[in-house]
Amino acid sequence: MNEKERILYLREQLHEHNYKYYVLNQPDISDQEFDFLMHELQDLEAKHPELYDANSPTQRVGSDLNQNFTQVAHKYPMLSLANTYNEQDVADWYESVSRGLAGEPFEVCCEMKYDGLSISLTYVDGKLVSGVTRGDGVHGDDVTANVKTIRCIPLVLKEGTGYPKEFEIRGEILMPWKVFEQLNAEREAAEEPLFANPRNAASGTLKSQNSKLVASRRLDAYLYYLLGDNLPAEGHYENLQAAAHWGFKISQGMKKVGSLEEIYQFINYWDTERKNLPVATDGIVLKVNSLRQQRALGYTAKSPRWAIAYKFKAERACTRLNEVTYQVGRTGAVTPVANMDPVQLAGTIVKRATLNNEDFIRSFDLHIGDYVYVEKGGEIIPKIVGVAVEKRQQDAVPVEFIKTCPECGTPLVRYEGEAAHYCPNDTGCPPQIKGRIEHFIARRAMNIDSLGPETVDEYYRRGLIHNIADLYKIQVQDINGTGNRERSAQKIVNGIEASKKVPFERVVFALGIRFVGETSARLLARRFKTMDALQAATMQQLMDIDGVGEVIAKSVITYFANPVNQEIVARLRSYGLQMQLSEEQIEGTSDRLSGKSIVISGVFAKHSRDEYKALIEKNGGKNVGSISGKTSFILAGDNMGPSKLQKAEKLGVPLVDEATFLEMIGETNAESESATTPTAEPDGQLSLF
Ligand code: IVH
């Protein structure tokens, strides 16, 4: 066997061992032997870069390189399921299916409802080519690099098992209970914020930009839905059995049944048995098995008629409330937390529960020492749902909401109409300072992705940074002190340096002015054009902007009136951040579409839809997704769908064609303007409408 053959042989062997270990749970070699083969493959691949294969088992280790997720459109939208909570609802659904099929007999596939995050995997020629999150159901994040690190997801399907040339398979990514508990124990020891439940932990992990970290988190995946043109069978159950042969881990305990009675039996069995499963489940999914019948039943706007979820009832426990502590969040909101005697509940030990706010505490008339009922619903964060008042001691003391911030001692405030208490010391209260720095570095703000919350926390504790401006003082040698290698220190500093090019409107957003989100930051930047002008803006000028109300205007004024913030902004300026719109941006901006809500529809010749969206915003208008009575006009290209035309007509919304629109914004000689590729994207079912 030459080295090339050996590489191919090792890849095949390692795929098979992976499958036996992670899918079947039946390894037939030791971990050491596995590692040995893996190292051999890694060495050989390093020697033969020309034999690189993105789906080699060596690619599962992930990489430290930051990746940016791109948004991709789902081929088939990812819908959700309608929920039911009792036997009657299930019977109603069963009845409606029967009616929909005009009394024709049907089978139902019963399976677990996994409580993780859904993923859509695409395979072409037996190789994993992409993994996309659900996103908004129409578009999701391409997280292929992260998905590849999940060992039970096959990178290459088993040869000769008859898989279609191209197909999509959907399922759920989960963090097993054991991994979750261990991860949280580690985070607790490191004084890092805990994940509320395995779903959040899995979601946070999968969206991490560091696939090496993802690889270390040992995520699991169950697949439950096959889509494509040439599926092997006419039944959902049979298709998934086939998928199991190709190498996928499918839903445990799937069962095909032919009566309502059997559905109830399945539900009752798994209501208790699920507690022994390694991952979180929150219900049962019932699917009409025949694909032909599924098609006949079809979909409502949100979910299939051929499937339904039955949600398990929340589990409940009773335990003693020992103390109420308070957490200060990144926005200064103060959340009371119940600290209780530890109690076993739905797979984990619970000792804390959120108490939301003062009104919540009052509504239960909570006393220290009370026995409280704790529940975990679909949301795994435990909540208090009642008090065993009969068990209350006579001398029990009522819980009194604190008056001052537990972090910095500042008297708390409660704004009119809000349930939460806030610490108003936004420039001096540690969690708020850290929160603001985290916001500042976020992807949509300054995009300093070489830093993360953990690093921010560490630098803050070491006194290296006290505010966002301090980031720009950091030097490689400051960071080296923590034991980080020089290369990563350099990377951090480079990342900070690179952020100086981030456009002005994102700088405005990054400041973290309360209530100023991305959209209002853009409006402010476009209206005032420079930081100086924005700082000098009056309440009236601010409120004159369409889309900026009193709350935002007040908040902007308060922010810039604070000398601490003034100094921070002055320092940011001195470090070279963008303090005004670029020439290009200024040139293109106008108020021509101010106050207009515009829907884009159809196919255009001169600009893409995204470019039209940007043009609308640049000219002070608002691009909205769906047509309503408030829509000012429709920017209508070719091939607008008939239903949209009808709706526009019915609501009396005018259509404006491409040429007229360009005239409206003063772009009369559009051809010679910006270098754009004409697009011919069809106004398909996933369009902006
Ligand atoms: S089937 C069109 N099967 O529940 C139907 N979904 O609210 C596609 N889920 O977004 C979904 N276990 O993330 C299906 N065995 C299962 C499931 C399942 C969990 C999730 C999935 C979906 C949500 C529906």
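These notes cover the structure that comes with them.

**Things to note about the overall build of the protein**
Now for step 1: Each helix and strand in the protein was counted, giving 25 helices and 21 strands.
Now for step 2: For the protein, the C-alpha radius of gyration of 29 Å lies close to 26 Å, the compact-globule estimate for 689 residues.
Now for step 3: Principal axes of the C-alpha set define a box for the protein whose edges measure 80 × 70 × 65 Å.
Now for step 4: Buried residues in the protein amount to 48% of all 689 residues.
Now for step 5: In the protein, the share of contacts with a sequence separation of at least 24, taken over all contacts with a separation of at least 6, comes to 68%.
Now for step 6: In the protein, 79 positive and 93 negative side-chain charges are present, and the distance between their average locations comes to 1 Å.

**Remarks on the site of the ligand**
Now for step 1: Every one of the 14 residues lining the ligand counts as a neighbour, but Glu111, Met112, Tyr114, Glu172 and Tyr224 are closest to it.
Now for step 2: Here Glu111 contributes a side-chain N or O atom positioned 2.9 Å from a nitrogen atom of the ligand.
Now for step 3: Between the ligand and Tyr224, the relevant distance is 3.2 Å, taken from an oxygen atom to a side-chain nitrogen or oxygen of the residue.
Now for step 4: When isolated, the ligand has an accessible area of 520 Å², and the protein chains bury 91% of it.
Now for step 5: Those elements that provide at least two residues to the shell around the ligand are β3 (108-114), β8 (220-227) and β10 (281-288).
Now for step 6: No other element matches β3, which puts four residues into the shell around the ligand.
Now for step 7: A class-by-class count of the residues in the shell around the ligand yields eight nonpolar, two polar and four charged.

**Some words on the side chain of Glu438**
Now for step 1: Relative to the helices and strands, Glu438 resides in helix α12 (residues 430-441).
Now for step 2: Ignoring sequence-local partners within four residues, the contact set of Glu438 consists of Arg330, Pro453 and Val456.

**A few points about the state of the cysteines**
Now for step 1: Counted according to the given criterion, the structure contains zero disulfides.
Now for step 2: Cys110 takes part in no disulfide bond, and the closest cysteine sulfur to it belongs to Cys109, at a distance of 6.7 Å.

**Side note on the sheet that holds strand β20 (residues 633-636)**
Now for step 1: Taken together, the four strands give an open sheet; going across it, the order is β19-β18-β20-β21, and neighbouring strands pair in parallel fashion. The strands lining the two open edges of the sheet, one partner per strand, are β19 (622-624) and β21 (655-657). On average, each strand axis in the sheet is tilted by 40 degrees relative to the strand beside it, whichever way the strands run.
Now for step 2: Bridge count between β20 and β21: three bridges; the pairing is parallel.

**Some points on the sheet that holds β10**
Now for step 1: Spatially, the five strands line up as an open sheet ordered β2-β11-β10-β3-β9, and their pairing is mixed. Looking along the sheet, the strands with just one partner apiece sit at the ends: β2 (83-84) and β9 (255-257).
Now for step 2: Of the strand pairs in this sheet, β10 and strand β11 (residues 307-311) are connected by five bridges, and their pairing is antiparallel. Paired with Ile284 across the strands is Tyr310, a residue of β11.
Now for step 3: Packing against the sheet, helix α9 (residues 260-273) makes contact with β3, β9, β10 and β11, and its axis sits at approximately 25 degrees to β3.

**Some words on the packing of helix α20 (residues 550-561) against helix α21 (residues 563-575)**
Now for step 1: Across the interface, α20 lies against α21 with an axial gap of 5 Å and an inter-helix angle of 80 degrees. Judged by the inter-axis angle, α20 sits roughly perpendicular to α21. Residue-level contacts link Tyr559, Phe560 and Ala561 of α20 to Pro563, Asn565, Gln566 and Val569 of α21.
Now for step 2: Taken together, the residues that form the contact of α20 with α21 break down as five nonpolar, two polar and no charged.

**A closer look at α9**
Now for step 1: Here α9 is 14 residues long and its end C-alpha atoms lie 20 Å apart, about the 20 Å a rise of 1.5 Å per residue gives.
Now for step 2: Restricting attention to buried positions, one finds in α9 the residues Ile263, Tyr264, Phe266, Ile267 and Trp270. Down the axis of α9, the buried set is contained in an arc of 160 degrees. They therefore lie on one face.
Now for step 3: Those residues of α9 hidden inside the fold are in contact with α3 (87-100), β3, β9, β10 and β11.

**Some remarks on the packing of aromatic side chains**
The description of two aromatic rings rests on the distance between their centres and on the angle between their planes.
Now for step 1: Evaluated as defined, the whole model comprises 23 aromatic pairs.
Now for step 2: Relative to Trp246, the ring of Tyr163 has its centre 6.5 Å away and its plane inclined at 80 degrees; by these criteria the two rings are edge-to-face. Within this pair, whereas Tyr163 is found in the loop between α4 (144-147) and β7 (166-174), its partner Trp246 is found in helix α8 (residues 236-246), the two being separated by 83 residues in sequence.
Now for step 3: Judged by its relative accessible area of 1%, Trp246 falls in the buried class.
Now for step 4: An aromatic cluster is defined as three or more aromatic residues linked by ring pairs; in this entry it consists of Tyr123, Tyr163, Phe167, Trp246 and Phe248.
Now for step 5: The ring of Tyr19 has Lys158 sitting right over it, with the charged end atom 4.2 Å from the ring centre.

**Some words on the pattern of salt bridges**
Now for step 1: Enumeration over the complete set of coordinates arrives at 37 salt bridges.
Now for step 2: Between Glu16 and Lys158 there is a salt bridge, and its shortest N-O distance comes to 2.7 Å. Of the two residues, Glu16 is situated in helix α1 (residues 3-23) and Lys158 in the loop between α4 and β7; the sequence distance between them amounts to 142 residues.
Now for step 3: The exposure class assigned to Lys158 is partly exposed, which follows from its relative accessible area of 21%.
Now for step 4: In this structure, Arg436 and Asp426 form a salt bridge, with 3.5 Å as the shortest nitrogen-oxygen distance. Taken together, the residues span a long stretch of sequence, with Arg436 in helix α12 and Asp426 in the loop between β17 (421-422) and α12 at a distance of ten residues.
Now for step 5: Residues participating in the shared-partner salt-bridge network are Glu358, Asp359, Arg362 and Arg414.

**Digging into the side chain of Thr281**
Now for step 1: You can see Thr281 is positioned in strand β10.
Now for step 2: Beyond its immediate sequence surroundings of up to four residues, Thr281 is in contact with Met112, Lys113, Tyr114, Asp115, Arg274 and Phe312.

**A short note on the pairing of β8**
Now for step 1: In terms of burial, β8 is a largely internal element, eight of the eight residues being buried.
Now for step 2: When β7 meets β8, the two strands line up antiparallel, connected through seven bridges. Among the inter-strand pairings, Glu172 is bridged to a residue of β8, identified as Tyr222.

Calculation notes
Residues numbered from 1 in each chain as written. Predicted model: local features only at pLDDT ≥ 70, side-chain atom pairs only at ≥ 80, totals over all residues. Heavy atoms only, no water. Helix = DSSP H or I, 4+ residues; strand = E, 2+ residues; numbered from the N terminus. Rg over C-alpha atoms; globule rule 2.2 N^0.38 Å. Buried < 20%, exposed > 50% of the residue type's maximum accessible area, 1.4 Å probe, protein only. Contact = heavy atoms within 4.5 Å. Lys, Arg positive; Asp, Glu negative; His and termini not counted. Charge placed at Lys NZ, Arg CZ, Asp CG, Glu CD. Near = heavy atom within 4 Å. Polar contact = N/O pair within 3.5 Å; in protein donor to acceptor, adjacent residues only side chain to side chain. Areas by Shrake-Rupley, 256 points an atom, 1.4 Å probe, with all protein chains shown as cover. Nonpolar A, V, L, I, M, F, W, Y, C, P; charged D, E, K, R; others polar. Disulfide = S-S within 2.5 Å. Pairing = 2+ DSSP bridges. Axes fitted to C-alpha atoms, helices over the stretch in contact; angles between N-to-C directions. Parallel < 35°, antiparallel > 145°, perpendicular 65-115°, else oblique. Expected span 1.5 Å × (residues − 1). Arc of directions from axis to C-beta. Phe/Tyr/Trp six-rings, centres within 6.5 Å; stacked < 30°, edge-to-face > 60°. Lys NZ or Arg CZ within 6 Å of the ring centre and 35° of its normal. Salt bridge = Lys/Arg side-chain N within 4 Å of Asp/Glu carboxyl O.

On their own, these measurements won't tell you what the molecule is for.
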